[in-house]
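Coordinate analysis (summary)
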Amino acid sequence: MSTIELNSKVKELRELKRMADELQQEIDGLTDQIKAVMTEQDTDTLNGDDYKITWKAVTSSRLDTAALKKALPQVAEQFTKTSTSRRFVLA
């Protein structure tokens, strides 16, 4: 791929990311409006003509690795798995 083609691809990628950010802001705004209605109505479920929206509390349990490393560093090290990945960043 030539430098001109690469520059064109990067420019296109930046524009698409900008558009995606704008769409995400639009999505977040609409979501917040719907959540406000659900809060006003004190409900965690809304049913419509062709949709069902739920907004419920979800409880999850996760291991506090920082506390484990502090309290039992040898155990934490024994069960720590290292992985490597590649991160794509466009600046």
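Quick look at the structure, then. Please read all numbers here as calculations on a predicted model, not as lab measurements. (Residues numbered from 1 in each chain as written. Predicted model: local features only at pLDDT ≥ 70, side-chain atom pairs only at ≥ 80, totals over all residues. Heavy atoms only, no water.)

1. Overview of the overall build of the chain
So the rule is basically this: Secondary structure elements follow DSSP: runs of H or I of four or more residues count as helices, runs of E of two or more count as strands, with numbering from the N terminus. We take the radius of gyration over the C-alpha atoms and set the globule estimate at 2.2 Å times the residue count to the 0.38 power. Accessible surface is estimated by sampling points in the Shrake-Rupley manner with a 1.4 Å probe; for residues, cover comes only from the protein chains shown.
Along its length, the chain carries three helices and two strands. Element order for the chain, N to C, with α for helix and β for strand: α-β-β-α-α. Taken against the 2.2 N^0.38 rule, which gives 12 Å for 91 residues, the C-alpha radius of gyration of the chain at 23 Å runs more than 25% over that of a compact globule. Viewed in the frame of its principal axes, the chain has a C-alpha envelope of about 55 × 55 × 20 Å. Carbon together with sulfur atoms contributes 52% to the accessible area of the chain, which is approximately 9100 Å² in total.

2. Some thoughts on the pattern of salt bridges
Note the following rule: In the sections that follow, a salt bridge refers to a side-chain nitrogen of Lys or Arg positioned within 4 Å of a carboxyl oxygen of Asp or Glu. Any residue under 20% of the maximum accessible area for its type is buried, any over 50% is exposed, and the rest in between are partly exposed; the area is computed with a 1.4 Å probe on protein chains only.
Under the definition given, this model contains two salt bridges. Note that Glu22 is salt-bridged to Arg18, the shortest N-O span being 2.3 Å. Residue Glu22 and its partner Arg18 are both found in helix H1 (residues 3-40); the two are separated by four residues, about one turn of the helix. In this structure Glu22 comes out as partly exposed when scored by relative accessible area, which is 43%. Taken together, the shared-partner salt bridges in this structure form one network comprising Glu15, Arg18 and Glu22.

3. Notes on unusual backbone geometry
Unlike most non-glycine residues, Asp42 shows phi in positive territory, near 50 degrees. As for its placement among the helices and strands, Asp42 is situated in the loop between H1 and strand S1 (45-47).

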